[in-house]
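A look at the structure
Chain by chain, the residues:
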Amino acid sequence: MSDPTLYRSLAGALRYLTFTRPDIAYAVQHVCLFMHAPREPHFTDLKRIIRYVKGTLDYGLHLYPSALTKLLSYTDVDWAGCPDMRHSTSGYCVFLEDNLISWSAKRQATISCLSAEAEYRGVANVVAEICWLRNLHLELQCPLRKASLIYCDNIFAIYLFHSLVQHQRTKHIEIDIHFIREKVAIGHVKVSHMPSSYQFVDIFTKGLPMQLFLDFRSSLSVLVPPTPTEGVLVNII
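Here is a short report on the structure shown in this document. (Residues numbered from 1 in each chain as written. Predicted model: local features only at pLDDT ≥ 70, side-chain atom pairs only at ≥ 80, totals over all residues. Heavy atoms only, no water.)

**What to know about the overall build of the protein**
What the protein contains, in helices and strands, is seven helices and seven strands. Listing the helices and strands of the protein from first to last along the sequence gives α-α-α-β-β-β-β-α-β-α-α-β-α-β. Within the protein, the proportion of its 237 residues that are buried is 45%. Of all intrachain contacts in the protein linking residues separated by at least 6 positions in sequence, the fraction that spans at least 24 positions is 69%. Of the roughly 13,800 Å² of accessible surface on the protein, a fraction of 59% belongs to carbon and sulfur atoms. (Helix = DSSP H or I, 4+ residues; strand = E, 2+ residues; numbered from the N terminus. Buried < 20%, exposed > 50% of the residue type's maximum accessible area, 1.4 Å probe, protein only. Contact = heavy atoms within 4.5 Å. Areas by Shrake-Rupley, 256 points an atom, 1.4 Å probe, with all protein chains shown as cover.)

So this is what it looks like as structure tokens:
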């Protein structure tokens, strides 16, 4: 583009919108990768996101009253999904009871030779986020007593969380391995397997068919507001 100012301005505005619209997080992070030198196809993608937002103006993230006792998270990685550099895209979402409070869609900085390696880095990111949230609850004097549950769909990565055996192909990610294993050992987190077909965190890592995208969007509590009942009197203070 001869003048990328408009592209950068719109992409930055969409970044702020992801604070309440997690359903566009993956698409926005993708167009933000090209802010240094955007081209016309990138601008076309950005305008497509804006058209989607315009058609769903009434949608937003819903939060509900609930007990502050349990953190639940989902994490997944699109291994080598970037067609240009073969970087992986990792995503996670964290729920406090039924409320979505934290999410991320981010391309990994390094290339992973194994899918388990990419998954391990993705789990390390969500474990770091959970540790921060647990410390925040502790400072607010409502500590979490239960272990925070993390769902991952890579069986080999889950095996490494509990195995003390180091393999030659895992030496370069030993920091992530020991970090996660320590949190599992002291009972702060627990990693369990979740089939890929139920991993609605895929909405943060890759493009999805329309119906699957709509189902996963509802799972994130991105909904239209409830219709007010006609004839109800509202007291204005």
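**Concerning the layout of surface pockets**
When its volume is computed, the largest pocket comes out at roughly 630 Å³. Together, 17 residues line the largest pocket, and Ala27, Arg48, Ile49, Tyr52 and Phe213 are the ones closest to its centre. Secondary-structure elements contributing two or more residues to the lining of the largest pocket are helix H2 (25–32), helix H3 (40–55) and helix H7 (210–219). Here the lining of the largest pocket is composed, by residue class, of eleven nonpolar, two polar and four charged. Forming the boundary of the second largest pocket are 14 residues, of which His30, Leu33, Cys82, Pro83 and Asp84 lie nearest the centre. Counting residues per element, the lining of the second largest pocket draws most heavily on H2, which supplies three residues. (1 Å grid on protein atoms, 1.4 Å probe; cavity = no way out; pocket = protein on both sides within 12 Å on 5 of 7 lines; lining within 4 Å. Points joined across faces, edges and corners; volume = space filled by probe spheres on them. Nonpolar A, V, L, I, M, F, W, Y, C, P; charged D, E, K, R; others polar.)

**Regarding a nonpolar patch on the surface**
Judged by side-chain polarity, Trp132, Leu136 and Leu140 come together as a nonpolar surface patch covering roughly 320 Å² of accessible area. Structurally, Trp132 is set in helix H4 (residues 115–139). (Patch = residues over 30% accessible without salt bridge, like charges linked within 9 Å, V, L, I, M, F, W, Y side chains within 5 Å. Salt bridge = Lys/Arg side-chain N within 4 Å of Asp/Glu carboxyl O.)

**Observations concerning the pairing of strand S5 (residues 148–152)**
With four of five residues buried, S5 lies mostly within the body of the structure. Both strand S2 (residues 71–78) and S5 contribute to a ladder of three bridges, which runs parallel. Across the sheet, Tyr74 pairs through a bridge with Tyr151, a residue of S5. Pairing of S5 with strand S6 (residues 189–193), which is carried by five bridges, proceeds in the parallel orientation. Note on S6: the bridge partner recorded for Leu149 is Lys190. (Pairing = 2+ DSSP bridges.)

**Comments concerning the packing of H2 against H3**
Packing of H2 against H3 leaves a shortest axis separation of 10 Å and a crossing angle of 155 degrees. The pairing of H2 with H3 is recorded here as roughly antiparallel in orientation. With respect to the hand of their crossing, H2 and H3 are arranged in left-handed fashion. The segment H2 lies against H3, with Ala27, Val28 and Val31 engaging His42, Asp45, Leu46 and Ile49. Split into classes, the residues belonging to the contact of H2 with H3 amount to five nonpolar, one polar and one charged. (Axes fitted to C-alpha atoms, helices over the stretch in contact; angles between N-to-C directions. Parallel < 35°, antiparallel > 145°, perpendicular 65-115°, else oblique. Left-handed = near helix turned anticlockwise from the far one by under 90°.)

**Notes on the nonpolar core**
Counting residues in each nonpolar core, the largest one holds 22 residues, and the members touching the most others are Leu71, Ile150 and Ile180. Per-element accounting of this core gives the leading share, eight residues, to H4. Not counting the four nearest positions on each side in its chain, Leu71 is found in contact with Val94, Phe95, Leu96, Ile101, Ile130, Leu133, Arg134, Leu144, Ser148 and Leu149. Core analysis: the second largest hydrophobic core is formed by 18 residues, Tyr151, Ile203, Phe204 and Leu220 among them. (Core = buried A, V, L, I, M, F, W, Y, C linked by side-chain atoms within 4.5 Å.)

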